[in-house]
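# A closer look at the structure
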Amino acid sequence: MYDKIIDKNNPDSALSVQEAIGKKPSDINTQYVAKLKKRREISVDEYVNGILNSDRVMLSQAITLVESSLAAHQQKAQQIIERCLPYAGKSIRVGITGVPGVGKSTTIEALGVKLTRSGHKLAVLAIDPTSEKTKGSILGDKTRMEELATDPNAFIRPSPSAGSLGGVARKTREIIILCEAAGFDTVFVETVGVGQSEVVAHSMVDFFLLLQLANAGDELQGIKRGIMEMADAISINKAELDPNRAELAATQYRSALSLFPQNENGWKPVVFTSSAYTGSGIDKMWDTIMEYVAQTKANGHFYKKRNEQNLRILSESINSTLTERFYNSEFVESRLEQLKQDVLDDKISAYIAAQRLIEGYFDNLTK
Ligand code: GDP
């Protein structure tokens with residue numbers, strides 16, 4: 001009897017069973033989803049046009065792709081980089097190193113503000129292989145560059161955390177390309193003067209500035225002779241604390257540097273004192289960089305150095321790709337352990353073992 005009263009199939013019946021509960025309100029949702037999708041799916045063209053038009057949001061998002069480890073992001077990032085490459089290379093790239101606390105960020109802020117006020121567009125990047133652990137110890141604390149952080153002519157980006165120094169280096173180089181294509185004419189690469197990160201920073205900049213403190217022995221500052229050799233200028237920072245001591249330290253560094261062999265590019269490293277607090281020496285810092293650029297452009301070494309840096313990246317990347325493929329191949333994986341044992345047991349010499357493994361690997365590839 002109830003079956004007759006409850007006519008499920010009659011939509012006008014007040015007793016009909018409502019199926020609409022589980023249905024989505026389609027018109028609102030689809031629009032929203034489409035919008036979201038559109039926002040996520042920015043095309044390579046849009047990224048490139050955005051970057052070339054100095055759109056900071058596009059630049060930031062493209063950098064996020066460069067930093068991503070997802071294969072799809074990487075593929076897109078590489079396309080963007082390739083398209084930006086013809087517009088890159090026009091900036092002055094400056095590396096700034098020194099132990100934590102020497103005043104790198106404060107100096108970058110002082111010099112950076114001076115530059116943006118005079119019409120420059122400045123990108124500040126960092127190389128910090130520890131950023132994975134410390135969540136960006138360099139540039140993580142943006143309050144250290146308060147003014148630059150809100151300056152429309154400055155762009156600050158913390159170190160990519162890529163797991164390995166090689167990974168961080170590659171990503172930083174790629175970020176430099178994007179920043180240059182976006183019209184930044186000056187790029188600072190900040191790095192801590194410990195470990196290998198300064199060597200990596202040096203390999204991608206035109207000019208390398210080392211900040212030091214007066215009256216702290218080299219050992220105390222963790223500065224190796226190698227870093228001093230890489231420096232195109234050394235500045236004794238916090239000089240206002242004790243100007244005489246700072247001058248004395250500068251003299252000592254000058255005489256230490258005079259013992260080093262002459263640079264191939266003819267440049268004699270300059271030593272001066274500075275204070276990021278009072279601003280003394282900050283003009284000198286920039287004048288020195290400009291002088292270096294003028295001199296090395298005139299004698300051809302500016303572009304020679306860039307070419308060498310580029311060719312080094314080419315060969316390093318061939319080496320690392322070959323090595324990775326070799327060790328990850330089934331052939332090598334299946335034979336390496338036994339071969340090691342044979343070498344240890346003096347059954348085969350290490351050279352012959354290496355040769356056989358490499359030849360076997362290539363023979364196996366062509367099969
Ligand atoms: P970083 O670790 O090398 O980046 O060093 P910071 O820029 O963070 O500076 C470390 C500390 O030194 C901070 O407390 C700064 O305020 C201070 N500092 C930086 N430059 C100067 C300076 O020229 N004079 C003095 N007295 N202190 C400075």
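So, a few notes on the structure that sits alongside this text. Keep in mind that this is a model prediction, so the values were computed, not measured.

### Brief notes about the pattern of salt bridges
A full pass over the atoms with the stated rule returns 11 salt bridges. For the salt bridge of lysine 304 with glutamate 264, the shortest nitrogen-to-oxygen distance reads 2.6 Å. Of this pair, lysine 304 sits in helix α14 (residues 301-328) while glutamate 264 sits in the loop between α12 (243-258) and β7 (270-273), and the two are 40 residues apart along the sequence. A residue is classified by how much of its surface remains accessible, and glutamate 264, at 61% relative accessible area, is exposed. Note that lysine 340 and glutamate 337 form a salt bridge whose closest N and O atoms lie 3.6 Å from each other. Note that lysine 340 and glutamate 337 are positioned in helix α15 (residues 330-344) at a spacing of 3 residues, about one turn of the helix. Overlapping salt bridges bring together Glu264, Lys304 and Glu308 as one network.

### Structural notes on the pairing of strand β5 (residues 207-213)
Taken across its 7 residues, β5 has 6 buried, putting it largely inside the fold. Summarising the sheet, β5 and strand β6 (residues 233-237) pair through 5 bridges and their orientation is parallel. Looking at the pairing, leucine 213 lines up with asparagine 237 of β6.

### As for the environment of valine 102
If you trace the backbone, valine 102 turns up in the loop between β1 (92-98) and α6 (104-117). The sequence separation of valine 102 and lysine 238 amounts to 136 residues, and the corresponding C-alpha distance is 8.0 Å. Setting aside anything within four residues of it in sequence, one finds valine 102 in contact with Leu211, Gln212, Leu213, Asn237 and Lys238.

### Quick notes on the nonpolar core
Counting residues in each nonpolar core, the largest one holds 52 residues, and the members touching the most others are Ile51, Leu59, Ile80, Leu178, Cys179 and Ile234. Per-element accounting of this core gives the leading share, 8 residues, to helix α9 (residues 165-181).

### Considering the sheet that holds β5
Here we have 7 strands laid out as an open sheet, ordered β3-β2-β4-β1-β5-β6-β7, and parallel in their pairing. The outermost strands of the open sheet, each flanked by one partner alone, are β3 (154-156) and β7. Strand-to-strand, the axes of this sheet are offset by a mean angle of 20°, without reference to chain direction. When β1 meets β5, the two strands line up parallel, connected through 4 bridges. Looking at the pairing, valine 94 lines up with phenylalanine 207 of β5. Most of the contacts of α9 go to strand β2 (residues 122-127), to which it runs at about 175°, and overall it touches β1, β2, β3 and β4 (186-192).

### Some remarks on the packing of aromatic side chains
This structure, assessed with the given rule, holds 7 aromatic pairs. Between phenylalanine 155 and phenylalanine 184, the ring centres sit 5.8 Å apart and the planes meet at 40°, which makes this aromatic pair tilted. One end of the pair, phenylalanine 155, is in strand β3; the other, phenylalanine 184, is in the loop between α9 and β4, with 29 residues separating them in the sequence. Exposure class is identical for phenylalanine 155 and phenylalanine 184. Each is buried. Ring geometry for phenylalanine 207 versus tyrosine 292: centroids 5.1 Å apart, planes at 80°, classification edge-to-face. Within this pair, whereas phenylalanine 207 is found in strand β5, its partner tyrosine 292 is found in helix α13 (residues 282-298), the two being separated by 85 residues in sequence. Residue classification places phenylalanine 207 among the buried residues on the basis of a relative accessible area of 1%. Linked through ring pairs, Phe326, Tyr327, Tyr361 and Phe362 together constitute an aromatic cluster. Sitting over the ring of phenylalanine 184, lysine 121 keeps its end group 4.6 Å from the ring centre.

Cut-offs used in this document
- Residues numbered from 1 in each chain as written.
- Predicted model: local features only at pLDDT ≥ 70, side-chain atom pairs only at ≥ 80, totals over all residues.
- Heavy atoms only, no water.
- Salt bridge = Lys/Arg side-chain N within 4 Å of Asp/Glu carboxyl O.
- Helix = DSSP H or I, 4+ residues; strand = E, 2+ residues; numbered from the N terminus.
- Buried < 20%, exposed > 50% of the residue type's maximum accessible area, 1.4 Å probe, protein only.
- Pairing = 2+ DSSP bridges.
- Contact = heavy atoms within 4.5 Å.
- Core = buried A, V, L, I, M, F, W, Y, C linked by side-chain atoms within 4.5 Å.
- Axes fitted to C-alpha atoms, helices over the stretch in contact; angles between N-to-C directions.
- Phe/Tyr/Trp six-rings, centres within 6.5 Å; stacked < 30°, edge-to-face > 60°.
- Lys NZ or Arg CZ within 6 Å of the ring centre and 35° of its normal.

Everything listed is a geometric property; what it means functionally is a separate question.
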